[in-house]
Amino acid sequence: MELLLQALFNGILLGGYYAVMVLGFSIIWGVMGVINLAHGEFLMIGAYGAWVLFRVFGIDPFLSLAIIMPVMFGVGYVLQRVLINRVVERPHLISLLVTFGLSIALANLFNVIFTADPRTVPVSYNGSFNILGMTVPIVKTMILGLALLIMFALHVFLQRTRLGRSIRAAAQNKNAARIVGVEVGRVYAITFGIAIALTAAAGAMISPVAPIFPFMGPPFTLKAFTITALGGLGRIPGALLGGMVLGLVETLLATFVPGVGTNVGIAASFVLLVLVLILRPQGLLQGLRPMEVE
Amino acid sequence: MGFLRRVWRLISANGGIYSWLTLIAILALYPLLTPSGAALLTATQLFMLITVSSNWNLIGGMTGYVDFGHAVFFGIGAYLMGILVTVVPDYILFSPQLGFWQALPLAGLGAMVFALLIGVPTLRLKGPYFSIAMLGTFVAMREIIRLLKPFTGGGEGLDLPPVLNRTRDYYFMLIFMGVVVALMWWIRRSEFGHSLLAIREDEVGAEMRGIDTTRHKIIAFMIAAFFTGVAGAFWAFQNTYIDPDVVFIEQRTVEMVMSSMLGGLGTVWGPPLGAFILYMLQDLVWANFYNLHLFILGVLLIFIVLFVPEGIIGTLGDRSSTSLGRLLSRGFNRGERTMEERA
Amino acid sequence: MNKILTLIAILAILGGVLAACAVPGGGEAPAGGEEEKVILIGAAVSETGKYAREGGDTRKGYLLWEEWVNNEYGGIKVGDERYKVKLIMYDDEGDPDTAAKLTEKLITEDKVHFLLGPYSSGLTKSASAISEKYNMIMVEGNGASESLFVRGFKNLFAVLTPAGNYTESGLKAVADAGAKSVVIAYEDTAFPTSVAEGAQKWAKEYGLEVLAVETYPKDVADVSGIMSKFKDLNPDVFVGGGHFNDALLFIRSAKELNFTPKAMIITVGPSNPKLVKELGADADYVIGPTQWDRTMSYKDEYFGTAEEYAQRFEKKWGEEPTYQAAESTAAALALQIAIENAGSLDTDKVREALNAMDVVTFYGPIKFDETGKNAGKPMGAIQIQDGDIVVIAPESAKQADLIYPMPPWDQR
């Protein structure tokens, strides 16, 4: 019983992380129709950013978000203008291939710069405390809290602000948005900037709990697919739901299947992806754009 | 481009067929010059890349279903070979040497059956959803192979009997490549091939013209899977050991996609040409860039996609050849446009 | 369409000619002058790719030996003559296809006399199948997986302690200190699997009860499932088999779930100073197996003591030798001793000499069993104490006593 509670709690912590990790991916896909295969690499860049700031300036990874997010927003904005903008209007295959090239290039560039040695950020408060017989890991709980906060802020931004409404309008119907005076190009660049900033923030947050290395990205990209397939495109509640489902499935399998549980959990997350795509291509929750099936 | 095209016309005016025959003769007689084992192995690996790229092109380029997990068939072929010659050889096969030849077609058939099973549900999916479903299948299969420890040796993998023969391998891969490329050439000209192209250009329209699109797609998928599976089985035997992390590597699919893109998506001669250039670049040039060569590969992919989406054949060759790249560079193809507008 | 055919045909012929010219040119011509006798030794070792770091250590170990044997030792003694060594190394990029191709190239084009091993069990598997086919001797120091030695190869010799024995000294130490039970988690690839199978065997041998065994896949990002399960079992000892990443993950996860076994034995990571650098004080009290350490008391007539070897290495490369570097030098040294004992470059005679070998080097004793494993060498164990890596076993090289049990996370 205790083990079950602990496993559920671990699953929720992991799910919260997955939810915040997937936001950037889901927004870019939902708003621009671009599938960003370099998603995991931007996460990796955020993690290395936190590591460098911690090692060189001694800045706490959670505080370093204040530096990483604006910088990565700029990177995303410029990248959209010079590269992604060229493929937004073209078929998915083109953007898949371009972002795929980007992912290979980035991972290997970081491999040259930082070598393949795994890194981590040893914050001093990475222990745990006990509540009701449950072990509560401090850093992961902070990540969950911050994840919920970020999701709430993003939700408010998209629903309540003028810019947020423009983004939603561009996502729903580009041409209509143009007619009512939305500068679609600028909105896309800002959206991409926000998405990259969120992804890098997720990378920075995970830096105290996971090894950081140049090739850490692809598994996150794949999980982003699974979560998006589960939760639907571009919606924050969908990301949260998808993240939680994946986090709980992985953790419960890892805890209760004897011997090979962790393997089964990882296999299940990918089998789930294929199954959801085949059985319910529109995701468990409908998104900004419905996934089409013939 | 104009200048190149003129030079090109000059050469082609004089005896295309002779240079072609010369090439075949050189390839067939090459082992008689007693080259080193390394040279034979290099050629064999190149032939394999050409073979799998041509197969990828059948489903990815000609039918327009971009398969991001095609290496799964390579992996299934490799594992069937591994299982047949190590775990169950006494019941089914004669001996390690002969059993190899028996296991090759069986491995291909296994990959083909898997293509049928996975293709029926996934080929209904449109555009990127198919790509992702296949990518997911690929990764899921890697983890499932790891879990099936009694058959596959789990993460430790399987050791195959090390019966190496470079000359035999060379001729096998040469003939195999010849068969595959000839088949692609034939398909491209056949009615079946025209139906595939019709599906690529406009699937709904093709259906309305009376083409059984589902059947066509699945048959193309199964053909591509069969030959990729045989290539994988052959690779397993040549490498003498397999484990999930050397068999199921994403780079294999990347190389197939890159070769086809570089040469010309959806053309018969694009993948062989692209594979040839890619392999030579990797072997002769990039080896000197040390760590940077994969970085360069990534940047190169971006440049090809943005600036020469038609590939070399599509850009240089005559304009009547149908390349998917040209279709893509024009902007949305019809199928996707309707989807965008409905959304 | 015809034009395209022609274009391809011409390009292919051109390329074929280019390749034909380039391939033999690429390999270095064997020994120009006849007056100087040269032994060619080849190795395909990662300089790039996923094993770039460990492959670099391997290269440095081989190169150190080459420089020493040529300049200081005066060449390998074969009968009455001295042979210089020419070491030909290529980069296999961590890719089995490339490793196979390069090994084949070393044998058939560069015509090397002997081969040294690549880095990692997997690449050694690919390369050793080829050396076996050509009946070439390969001495390796970086493939520890037991599955390398069940294939019946006559020509593969490994100087390092096989993976099955990695945890022996560590488990013995904690059992002597009073541990009763153990849990094991390992990455399900070749090397960690051998480690874990060995750990179960040794645990039984030393009277430890194995409470649970768990696997996880390569590049796993979260092991909290395994760790909460283990925490529930409340074992005395945790054994983790995997690579450097996994050591980071295990220690992190144990701390954040407040899982406090009395000892943690983890392969690969702890013996590397980089782990302490990354984890800081959290790495304290972790025990790790080590193939070799500079403080060990072994010595030979070639490189002197282990400490002298380490100093020589530091002088040449400006960094401390890892055990991967030392075992690579040792592999080359074992080959040298075998050639000298055989008094010949003949493969059969050198193989006989390797089979008969029974020496102690700066790296430890080398004595191959019938499968080519180094059966004679015990594995050391280190513990991280106050940020320093100190040897706690074997007895002869011990720098400090084992600290057992390790203090709980909240009392540090």
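Small disclaimer: the values here were computed from a predicted structure and weren't measured.

1. Regarding the overall build of chain B
Part 1 of the argument: Per the secondary structure count, chain B includes 19 helices and two strands.
Part 2 of the argument: Of all 343 residues assigned to chain B, the portion counted as buried reaches 55%.
Part 3 of the argument: A separation threshold of at least 6 residues defines the contact pool for chain B, and within that pool the share at least 24 residues apart is 76%.

2. Comments concerning the sheet that holds strand E17 (residues 388-393) of chain C
All names here are of chain C.
Part 1 of the argument: Taken together, the seven strands give an open sheet; going across it, the order is E8-E7-E9-E10-E11-E16-E17, and neighbouring strands pair in mixed fashion. Each of the sheet's edge strands pairs with one partner strand only, and the pair in question is strand E8 (209-216) and E17. Averaged over all pairs of adjacent strands, the angle between strand axes in this sheet comes to 25°, irrespective of strand direction.
Part 2 of the argument: Strand direction decides the pairing type here: strand E10 (residues 263-266) and strand E11 (residues 286-290), joined by two bridges, are parallel. The partner of Ile265 across the bridge, within E11, is Ile287.

3. Section: the confidence of the model for chain C
All names here are of chain C.
Part 1 of the argument: In this model, chain C carries a mean pLDDT of 87, and residues with pLDDT of at least 70 account for 92%.
Part 2 of the argument: Within chain C, the lowest mean pLDDT, 56, falls on helix H1 (residues 2-26), and the highest, 96, falls on strand E4 (residues 114-116).
Part 3 of the argument: Here residues 21-33 is a poorly scored stretch, pLDDT under 50, and it has 13 contacts once near neighbours within four places are set aside; other chains count.

4. Re the domain arrangement of chain C
Residue and element names in this part refer to chain C.
Part 1 of the argument: Partitioning chain C into domains gives domain 1 (36-161 + 296-366) and domain 2 (165-290 + 379-411).
Part 2 of the argument: If you average the C-alpha positions of domain 1 and of domain 2, the two centres end up 30 Å apart.
Part 3 of the argument: At the junction of the two partners, domain 1 supplies 11 residues and domain 2 supplies 12 residues.
Part 4 of the argument: For the side of domain 1 that touches domain 2, the per-class residue count stands at three nonpolar, seven polar and one charged.

5. Some thoughts on the environment of Leu196 of chain B
All names here are of chain B.
Part 1 of the argument: Relative to the elements of secondary structure, Leu196 occurs in helix H10 (residues 191-201).
Part 2 of the argument: Note on Leu196: 28 C-beta atoms within 10 Å, which makes it buried.
Part 3 of the argument: Along the backbone, Leu196 and Ala220 are 24 residues apart, and their C-alpha atoms lie at a distance of 8.1 Å.
Part 4 of the argument: Apart from the residues lying within four places of it in its own chain, the contact partners of Leu196 are Met62, Thr63, His216 and Ala220.

6. Notes on the packing of helix H1 (residues 2-32) of chain A against helix H7 (residues 224-233) of chain C
Part 1 of the argument: Taken N-terminus to C-terminus, the directions of H1 of chain A and H7 of chain C make an angle of 160°; their axes are 10 Å apart at the nearest point. Put simply, H1 of chain A runs roughly antiparallel to H7 of chain C. Between H1 of chain A and H7 of chain C lies a crossing of right-handed hand. Residues Leu3, Gln6, Ala7 and Asn10 of chain A of H1 of chain A form the contact with H7 of chain C, whose participating residues are Ser224, Ser228 and Asp232 of chain C.
Part 2 of the argument: In terms of residue class, the contact of H1 of chain A with H7 of chain C is made up of two nonpolar, four polar and one charged.

7. A few points about the interface of chain B and chain A
Part 1 of the argument: On the chain A side, the residues contacting the 39 residues of chain B number 40 residues.
Part 2 of the argument: Take the side of chain B that touches chain A: its biggest share by element is 14 residues, from helix H7 (residues 127-147) of chain B.
Part 3 of the argument: Residue classes in the side of chain B that touches chain A are distributed as 25 nonpolar, nine polar and five charged.

8. Quick word on the pairing of strand E1 (residues 38-44) of chain C
Residue and element names in this part refer to chain C.
Part 1 of the argument: Among the seven residues in E1, six count as buried, and that is most of the element.
Part 2 of the argument: Bridge count between E1 and strand E3 (residues 81-90): seven bridges; the pairing is parallel. The residue bridging Leu40 from the neighbouring strand is Lys86, located in E3.
Part 3 of the argument: In terms of strand pairing, E1 meets E4 through two bridges, oriented parallel.

9. Thoughts on the packing of helix H6 (residues 162-172) of chain A against helix H8 (residues 184-206) of chain A
All names here are of chain A.
Part 1 of the argument: Contact pair H6 / H8: the axes reach a minimum separation of 10 Å and the direction vectors enclose 105°. Relative to H8, H6 is oriented roughly perpendicular. Residue-level inspection shows Leu163, Ser166, Ile167 and Ala170 of H6 in contact with H8, the latter providing Val184, Val187, Tyr188, Ile190 and Thr191.
Part 2 of the argument: A breakdown of the residues in the contact of H6 with H8 according to their chemical character gives seven nonpolar, two polar and no charged.

10. Description of the confidence of the model for chain B
Residues and elements named next belong to chain B.
Part 1 of the argument: With 82% of its residues at a pLDDT of 70 or more, chain B has an overall mean of 82.
Part 2 of the argument: Ranking the elements of chain B by mean pLDDT puts helix H19 (residues 334-342) last with 36 and helix H12 (residues 213-239) first with 94.
Part 3 of the argument: Taken as a whole, residues 329-343 scores under 50 in pLDDT and shows 21 contacts with residues more than four places along the chain or in a different chain.

11. Some remarks on the environment of Ile265 of chain C
All names here are of chain C.
Part 1 of the argument: With respect to the helices, strands and loops of the structure, Ile265 is situated in strand E10.
Part 2 of the argument: Considering only alpha carbons, one finds Ile265 and Pro289, 24 residues apart in sequence, at a separation of 7.8 Å.
Part 3 of the argument: Dropping the residues within four chain positions of it, Ile265 is found in contact with Thr167, Gly170, Val237, Val239, Ile287 and Gly288.

12. Description of unusual backbone geometry
Residue and element names in this part refer to chain C.
Part 1 of the argument: Omega for the bond connecting Ala393 with Pro394 falls within 30 degrees of zero, at 0°, which places this linkage in the cis form.
Part 2 of the argument: Going from Tyr404 to Pro405, the amide bond is cis rather than trans, its omega being -5°.
Part 3 of the argument: Residue placement: Pro405 occurs in the segment after E17.
Part 4 of the argument: Within the chain, Asn258 stands out as a residue other than glycine whose phi angle is a positive 55°.
Part 5 of the argument: Relative to the helices and strands, Asn258 is located in the loop between helix H8 (244-256) and E10.
Part 6 of the argument: Look at Asn258 and you get partly exposed, because 18 C-beta atoms sit within 10 Å.
Part 7 of the argument: Its identity as a non-glycine residue notwithstanding, Tyr285 has a phi of 75°, on the positive side.
Part 8 of the argument: Looking at the secondary structure, you find Tyr285 in the loop between helix H9 (273-279) and E11.
Part 9 of the argument: According to the C-beta neighbour criterion, Tyr285 is buried, with 21 such atoms within 10 Å.

Rules and cut-offs
- Residues numbered from 1 in each chain as written.
- Chains lettered and ligands numbered in written order.
- Predicted model: local features only at pLDDT ≥ 70, side-chain atom pairs only at ≥ 80, totals over all residues.
- Helix = DSSP H or I, 4+ residues; strand = E, 2+ residues; numbered from the N terminus.
- Buried ≥ 20, exposed ≤ 12 C-beta atoms within 10 Å, placed from the backbone.
- Contact = placed C-beta atoms within 7 Å.
- Pairing = 2+ DSSP bridges.
- Axes fitted to C-alpha atoms, helices over the stretch in contact; angles between N-to-C directions.
- pLDDT = per-residue confidence, 0-100.
- Domains from an automatic or database assignment.
- Nonpolar A, V, L, I, M, F, W, Y, C, P; charged D, E, K, R; others polar.
- Parallel < 35°, antiparallel > 145°, perpendicular 65-115°, else oblique.
- Left-handed = near helix turned anticlockwise from the far one by under 90°.

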